[in-house]
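# Examining the three-dimensional arrangement
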Amino acid sequence: MASPASDLRQWIALLEKEGELVRVSAEVDPDLEITEIVDRVVKSGGPALLFENPKGAKHSLLINQFGTERRMCMAFGVEKLDDLADKLGEILELQPPQGLVDKVRSLGKLKSIADSMPKEVSKAACQEVVLTGDDVNLDLFPIQRCWPLDPAPFITLPAVITKDQATGVRNVGMYRMQKIDQRSTFMHWQIHKDGRADLRAAPDGRIPVAVALGLDPVTAYSASAPLPKHIGELMVAGFLKGSAVQLVKCKTVDLEVPANAEIVLEGWVDRADVGIEGPFGDHTGFYTPPEEFPIFRISAITMRRDAIYPSIVVGKPPAEDEWLAKATERIFLPAIRMSVPEIVDYDLPTAGTFHNCVIVSIRKRFPGHARKVMHAMWGLGLMSLTKSVVVVDEHVDVHNYEQVFFYVCANVDPARDVLLSEGPIDQLDHATTIQAYGGKIGFDATSKGPYEGRREWPPEIEMSPEIRARVDARWPDLGLSDAPSGRDVQNGTREGAINRLLRR
């Protein structure tokens, strides 16, 4: 697998070389029409699309760059996404060295982390063109209006950069931005987001903001990653790429932005400068209602010549963001295990829109262990927004939903094994009575020990290993070559590709 691309153009060249990109030369309208095309392509597992002639815009539009597991692996230069988890675990699990060997190993890790810290440069391609004052014009770009009830176009794949005014710690996040006019957008900073926290903490209620568009895929992904506040997104991007992210100072605000960006928007957000944003057709599959959010006033646009505008469509799953979420799921398994070491694996079902459900397998050791894990998951960062947690035993494949459902139906006594709780919920969730706060449910689908059930737990049906091995050996002579293997039968798999998604 090739090394990660250094910028968006190298990424496009790699996609094209690998047959993963189609150029669309016909004029296509960013107002709804591109969404319908992309939605069909995404749901059929199709390629990335480069719209070279978007109606009414001066720049081309790249979309669906993350839309399959293969492209996500290509983006990171790995064979499988779990390889990234192993690598990031080196950062998260760095412990004080105990002996000489540990000290040597730690020095290597620390050097790798130091080499991954962002590096500042004096000149950058993202500032080949500089527009200020009346020249600032968002109409240059093919910003999409994605769904019929959206009131305006939305920027959907930004890396929004802010700083904590007290500590100087940089935050990079991905927040939708509804276009208001040529020089302003809303900034969709929800109450749980770090960007909102930076604005809330500003002594004068006003902070500089920079928005980078059209990054290399690893740096673009890092803006969506739910990292702890003390771990820098751009450092993680450099670590995963194997080379530091280069930064350049903005022209009109005191911030630094990735030098390889295609487009940069610079400006300010003031707590007192607000308006009604939305509705927006969101990744929940529903429109989030209009709500008050702060306004981003743009002081400058800088960009490459012939800049390429990136976009993403969210909506009813599956959509392109499914694979951004799956990358996060795999990458952050080591981080979750650090807090809850009994976890074997977990899965965030696409149909659960990533935060409505989590399936967890555990090494169960004591009565009530599953409930302990439920509460632990509800206390972990943005995992605290999860509505439902399903806990299964360690031998259950959490990515095989048919198998999980079997154990939920077989092992759960609703009077004993269903936990109802309440707490913070995603601000976009429309089902709650109170916004951002509501009910939670946990299902203990593990086998029950003598202290958890009134009756002896029966053994599961399973063929003996000797008979399975004998039949495996005889299989070529039986004329049944297309039938499932013994392992697939044992795991309850019927269809193969779908149920083995991300199975390791």
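Everything in this summary refers to the structure shown in the same document. (Residues numbered from 1 in each chain as written. Predicted model: local features only at pLDDT ≥ 70, side-chain atom pairs only at ≥ 80, totals over all residues. Heavy atoms only, no water.)

### Points about the overall build of the chain
Each helix and strand counted, the chain has 15 helices and 23 strands in total. Out of the 504 residues in the chain, the part that is buried amounts to 53%. Considering only intrachain contacts with a sequence separation of at least 6, the fraction spanning at least 24 residues in the chain is 70%. Just so you have it, the chain exposes about 22,900 Å², and 54% of that area is on carbon and sulfur atoms. (Helix = DSSP H or I, 4+ residues; strand = E, 2+ residues; numbered from the N terminus. Buried < 20%, exposed > 50% of the residue type's maximum accessible area, 1.4 Å probe, protein only. Contact = heavy atoms within 4.5 Å. Areas by Shrake-Rupley, 256 points an atom, 1.4 Å probe, with all protein chains shown as cover.)

### So, the sheet that holds strand β22 (residues 418-424)
Strand order in the open sheet made by the five strands is β19-β20-β21-β23-β22, with mixed pairing throughout. Looking at the sheet topology across the chains shown, the edges are occupied by β19 (343-347) and β22. Here the average twist between neighbouring strands, direction ignored, is 20°. Inspection of the sheet shows β22 paired to strand β23 (residues 437-444) by seven bridges, in the antiparallel sense. Considered in β23, the bridge of Ser421 is made with Lys440. Along the sheet face, helix α12 (residues 401-411) touches β19, β20 (357-362), β21 (388-393) and β23 and points at about 90° away from the line of β21. (Pairing = 2+ DSSP bridges. Axes fitted to C-alpha atoms, helices over the stretch in contact; angles between N-to-C directions.)

### Side note on the packing of aromatic side chains
When we look at a pair of aromatic rings, we describe it by the centre distance and by the angle of the planes. Scanning the entire structure with this criterion turns up five aromatic pairs. Note on Phe154 and Phe280: the rings are 4.4 Å apart at their centroids and 45° apart in plane angle, and the pair reads as tilted. Linking Phe154 in strand β6 (residues 154-155) with Phe280 in strand β15 (residues 280-281), this pair joins segments that are 126 residues apart in sequence. Neither residue differs from the other here; Phe154 and Phe280 are each classed as buried. Between Tyr175 and Trp189, the ring centres sit 6.2 Å apart and the planes meet at 90°, which makes this aromatic pair edge-to-face. One end of the pair, Tyr175, is in the loop between β8 (170-173) and β9 (177-181); the other, Trp189, is in the loop between β10 (184-186) and α6 (194-201), and 14 residues separate them in sequence. The ring of Trp268 is capped by Arg206, whose NZ or CZ atom sits 4.0 Å from the centre of that ring. (Phe/Tyr/Trp six-rings, centres within 6.5 Å; stacked < 30°, edge-to-face > 60°. Lys NZ or Arg CZ within 6 Å of the ring centre and 35° of its normal.)

### As for the pattern of salt bridges
A full pass over the atoms with the stated rule returns 34 salt bridges. Between Glu52 and Arg23 there is a salt bridge whose closest N-O contact spans 2.8 Å. Highlighted residues: Glu52 in the loop between β2 (48-51) and β3 (61-63) and Arg23 in strand β1 (residues 21-24), separated in sequence by 29 residues. Given a relative accessible area of 38%, Arg23 falls into the partly exposed group. Put simply, Arg297 and Asp273 hold a salt bridge, and the shortest N to O gap is 2.8 Å. Placement of Arg297 in strand β17 (residues 291-303) and of Asp273 in strand β14 (residues 263-277) is noted, with a sequence separation of 24 residues between them. (Salt bridge = Lys/Arg side-chain N within 4 Å of Asp/Glu carboxyl O.)

Keep in mind these numbers describe shape, not what the thing actually does.
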